[in-house]
Structures are given as structure tokens and as C-alpha cells.
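Chain and residue survey
Residues per chain, in single letters:
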Amino acid sequence: SYNVIGEIKGKKDPDEIILIGGHFDSWDVGEGAHDDGSGCMHSMEVLYRLKKMGYRPNHTLRCVFFINEENGLRGGKAYADSAIINNEYHMAAIESDAGGFTPQSFGCSAGALASLDTTMAHMNDFMELLEPYDLELKAGGGGADIGPLKPKAGVMIGLRPDSSRYFDYHHSDADVLENVHPRELASGAAALTSLVFLLDQYGIGK
């Protein structure tokens, strides 16, 4: 199987990539609606919403549906290998792989090409714009699929939704579409779209 990739080329810095992704495979029971269909839909919705608005990004926005996260991580490893071979710089790599629940925060870690202290200080300045929506930036985060990309990344970010119900569904027969609340799913997509917009406008301050 293969990773599925779509992108919008940046108008100002097309060689600097903001990646947003989830994994396309699921466990062998249920439907993988929270793990990780929701993350894939979050990622696609970011590009869809910005394109529908007529927004032209400064940086290249790339949506990636990674394959094989559940059994070997070969999609994430293959993507990272390609990025290293092609010398692609990922200003930010963002992953949604914690379910389609109400978004609460973003967990942030440094890639090899940025300082966490510098990045967190810079991002905290514009994250104030999201405080009215109860969205915070916290140290520590990322995701399994984007982990291998660390040598070519500035900042690694993971969406942290409300986790109180996640393990009611995780890797079980109950992980089906009927158990994903449409409003919570849409809220996660809106949170990620807002974050990607702010990163595209203000960068990571490295």
C-alpha cells in the first residue's frame, strides 16, 4: 500500500512545508473511525477549508495519509526517507492521531532544525489568538508517523483532544463512525486549520 499525499504550493516559500497528517490504516476490528479516520479527515479538511476560502498560503501545505502506522510504521519511515533524499525542509509537521473528540491543546516538540525554547516562545505570542477557544500550546508532543521526519523538521506538533473517552473505542469493535460526534470532529478540524493558518503567517521563529 501507499501513502496518499495532496498539497497546495506556497506562493512565497514553496520549499518550506507545513505537513498535517493522520494514518490511513486501522486496527483489525471496528472501522478505525477515531483511530485514525478522524485524523485523516482533520488533515484533509485543513486544506479544503483554506482552499475554499481562497487563501493562498505562503508555505506549501501538505496533507499526508500515512499507511501502516498500526503494524510497522513503514509509511512514516518511507515518507521521511523521501524527505531526506529530496532535502525537503518541513517547517512544521503536525499529526492528528488521538481521536475525533473536542480539541483542547497542541503538544509541541522540536525537530532537529529548531530550538524548542525559541519555537515555544514565538508560537506562544500568536497562540494568544486561540485562547478564547480554550486551545493551549504545551511542551511535548508529535506523533508516530511524523517521528521519523525529525531530522528534516523544525517543529513537531500533535493535536491533543479530550482523551476521557478515547479508550472506550481504541482498537475495539466500538471504533465506528456512529461514535464520532460531528460537532467534535468539526471542532478539531477548525482548531487545526487555525493553527496551520497562524504557522503559515508567522512561522516558528527559528
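Read on for an overview of the structure. The structure presented is a predicted model; accordingly, all values stated were derived computationally and were not measured. (Residues numbered from 1 in each chain as written. Predicted model: local features only at pLDDT ≥ 70, side-chain atom pairs only at ≥ 80, totals over all residues. Heavy atoms only, no water.)

1. Some words on helix H5 (residues 182-202)
Owing to its 3.6 residues per turn, the α-helix brings residues three or four apart onto one side. For H5, built from 21 residues, the straight-helix expectation of 30 Å at 1.5 Å per residue is met to within 8% by its first-to-last C-alpha distance of 30 Å. The set of residues buried in H5 consists of Glu184, Gly188, Ala189, Ala191, Leu192, Thr193, Leu195, Val196, Leu198, Leu199 and Asp200. Trailing H5 by a residue or two, Gly203 shows a phi angle of about 70°, which is positive. (Helix = DSSP H or I, 4+ residues; strand = E, 2+ residues; numbered from the N terminus. Expected span 1.5 Å × (residues − 1). Buried < 20%, exposed > 50% of the residue type's maximum accessible area, 1.4 Å probe, protein only.)

2. Some details on helix H2 (residues 74-85)
Taking 1.5 Å per residue as the helical rise, H2 with its twelve residues ought to reach 16 Å, and the 16 Å between its terminal C-alpha atoms agrees with that figure. Among all positions in H2, only Gly75, Gly76, Tyr79, Ala80 and Ala83 are buried. Here the buried residues of H2 occupy an arc of 130° about the axis, which is enough to place them on one side. Facing away from the buried side of H2 by more than 90 degrees, the exposed set consists of Arg74 and Ile85. As for H2, its buried residues are in contact with strand E1 (4-8), strand E2 (13-23), strand E3 (59-66) and strand E4 (89-95). Taken from the residues just after H2, Asn87 is the one with a positive phi, measuring 55°. (Arc of directions from axis to C-beta. Contact = heavy atoms within 4.5 Å.)

3. A closer look at the pairing of strand E6 (residues 136-139)
Bridge count between strand E5 (residues 103-110) and E6: four bridges; the pairing is parallel. Bridging from a neighbouring strand, Cys108 pairs with Ala139 of E6. Regarding the hand of the β-α-β motif, the stretch spanning E5, helix H3 (residues 116-127) and E6 is right-handed. (Pairing = 2+ DSSP bridges. Right-handed = clockwise from strand over helix to strand, strands pointing away.)

4. Considering the nonpolar core
In this structure, Ile18, Ile94, Phe106, Met123, Ile157, Leu195 and Leu199 are the most contacted members of the largest nonpolar core, which totals 35 residues. When contributions to this core are tallied by element, the ones reaching two or more residues are E2, helix H1 (33-52), E3, E4, E5, H3, strand E7 (153-161) and H5. It is H5 that contributes the most residues to this core, six residues altogether. Not counting chain neighbours up to four residues away, the residues in contact with Phe106 comprise Met127, Leu130, Leu135, Glu136, Leu137, Lys138, Ile157, Gly158, Leu159, Ala191, Leu192 and Leu195. Membership of the second largest hydrophobic core comes to twelve residues, among which are Ala80, Ala93, Ile146 and Leu149. (Core = buried A, V, L, I, M, F, W, Y, C linked by side-chain atoms within 4.5 Å.)

Coordinates in, geometry out; function isn't part of it.
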